[in-house]
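# Survey of secondary and tertiary structure
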Amino acid sequence: MKNKIEKKVTIAKTAKVTSSKLKYYSRIKDYAEIHNSVLGKYSYISQFSIVNKTKIGKFCSIANGCYIGLWEHNTDVSTHSFYLYEHSGNFVKGYRNYKKDNIKTKIGHDVWIGANAVIMKGVTIGSGAIIGASAVVTKDVQPYAIVVGNPAKIIRYRYSKDDIEWMLKLKWWNFSRKRLKQLIKIGAFDDFAIFKKALKGKV
């Protein structure tokens, strides 16, 4: 599959992009890689991070050195790829995928992934979640949860249950640029109280 690059996308000269779709105003920074994936509007991948077979939503922030949805070796007999890849010793011609290669990882909207975090293949990260630096995420993460550690565990939620439900119904990440600019101008993204007041009943 060829890359599909929308308008206003920024790709560093040292970045690698293969078989992926990069949406409006998304960014790939120096030495970052994205393969067989989708990067949503306004989202970015920072230096030295690698993303594979993952759908990433809008307004996501992926810090340096993160590994998301990477390849997992087979473990039935040998963990080596010599019987799958021609260049691994020339035992076979061409190559075959690992068993888990088609498993997709999913990142929601407005997710912040801290430096050096690892998101295992097949995991779903809910919108609004925060993944702490160096966390190893092996299980799905609920929307607006904050997780840290290895394996990653929830330490708290960003908002109350009612506020989380309201935010998920509101889906501010789908607002128009004009509306987002208006909210920025009144400081709505600097203070949750201002944000709620400005959008009260807007669901």
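Residues numbered from 1 in each chain as written. Predicted model: local features only at pLDDT ≥ 70, side-chain atom pairs only at ≥ 80, totals over all residues. Heavy atoms only, no water.

### Digging into the pairing of strand S20 (residues 153-157)
Along any regular strand the residues' side chains alternate between the sheet's two faces. Bridging between strand S19 (residues 145-148) and S20 involves 4 bridges; their strand directions are antiparallel. Paired with Val148 across the bridge in S20 is Lys153. Between S19 and S20, which pair antiparallel and follow one another directly, the connecting turn spans 4 residues, one of which, Gly149, has a positive phi of 95°. (Pairing = 2+ DSSP bridges. Helix = DSSP H or I, 4+ residues; strand = E, 2+ residues; numbered from the N terminus.)

### Brief notes about the environment of Pro143
One can find Pro143 in the loop between strand S18 (136-137) and S19. Judged by relative accessible area, Pro143 falls into the partly exposed class, the value being 23%. Sequence spacing of Pro143 and Lys8 is 135 residues, and the spatial spacing of their C-alpha atoms is 28 Å. Once residues within four sequence positions are removed from consideration, Pro143 is found in contact with Gly126, Ser127, Tyr157, Ile164 and Leu168. (Buried < 20%, exposed > 50% of the residue type's maximum accessible area, 1.4 Å probe, protein only. Contact = heavy atoms within 4.5 Å.)

### Topic: helix H1 (residues 161-170)
Residues of H1 that are buried include every one of Asp163, Ile164, Trp166, Met167 and Leu170, and no others. When H1 is viewed along its axis, its buried side chains cluster within an angular range of 165° and face the same direction. In H1, the exposed positions angled more than 90 degrees off the buried face are occupied by Lys161, Asp162 and Lys169. Phi for Lys171, located one or two positions after H1, is positive at around 50°. (Arc of directions from axis to C-beta.)

### Notes on the sheet that holds strand S3 (residues 16-18)
In space, the 6 strands of this open sheet follow the order S3-S6-S9-S12-S15-S18, with parallel pairing throughout. The open sheet has two edge strands with one neighbour each: S3 and S18. Across 3 bridges, S3 lies against strand S6 (residues 33-35) in parallel orientation. Bridge pairing in S6 links Lys16 to Glu33.

### Let's talk about the nonpolar core
Membership of the largest hydrophobic core comes to 30 residues, with the highest contact counts inside it found for Ile28, Ile113, Ile125 and Ile131. In this structure Ile113 touches Ser61, Ile62, Ala63, Cys66, Ile68, Ile107, Ile119 and Ile131, once residues within four positions along its chain are discounted. In terms of nonpolar packing, the next biggest core, distinct from the first, is built from 15 residues, Leu183, Ala188, Phe195 and Leu199 among them. (Core = buried A, V, L, I, M, F, W, Y, C linked by side-chain atoms within 4.5 Å.)

### Considering unusual backbone geometry
Going from Asn150 to Pro151, the amide bond is cis rather than trans, its omega being -5°. Take Pro151: it is sitting in the loop between S19 and S20. The residue Asn36 is not glycine, and still its phi comes out positive at about 50°. For Asn36, the location among the structural elements is in the loop between S6 and strand S7 (38-39). Positive phi, normally seen in glycine, also occurs at Ser134, with a value near 65°. Inspection of the secondary structure puts Ser134 in the loop between strand S17 (130-131) and S18. Here Ser134 falls in the partly exposed class, since its relative accessible area comes to 44%.

### Here we look at a positive patch on the surface
Taken together, the side chains of Lys7, Lys8, Arg177 and Lys181 present a region of like positive charge at the surface. The topology assignment puts Lys181 in helix H2 (residues 177-185). Given the relative accessible area of 52%, Lys181 is considered exposed. (Patch = residues over 30% accessible without salt bridge, like charges linked within 9 Å, V, L, I, M, F, W, Y side chains within 5 Å. Areas by Shrake-Rupley, 256 points an atom, 1.4 Å probe, with all protein chains shown as cover. Salt bridge = Lys/Arg side-chain N within 4 Å of Asp/Glu carboxyl O. Lys, Arg positive; Asp, Glu negative; His and termini not counted. Charge placed at Lys NZ, Arg CZ, Asp CG, Glu CD.)

### Digging into the pattern of salt bridges
One pass over the structure, following the stated rule, counts 4 salt bridges. Lys99 is the salt-bridge partner of Asp76, the closest N and O atoms lying 2.7 Å from each other. Here Asp76, found in the loop between strand S12 (67-68) and strand S13 (105-107), pairs with Lys99, found in the loop between S12 and S13; they are 23 residues apart in sequence, far enough to count as distant. For the pair shown, Asp76 and Lys99 are each scored as exposed.

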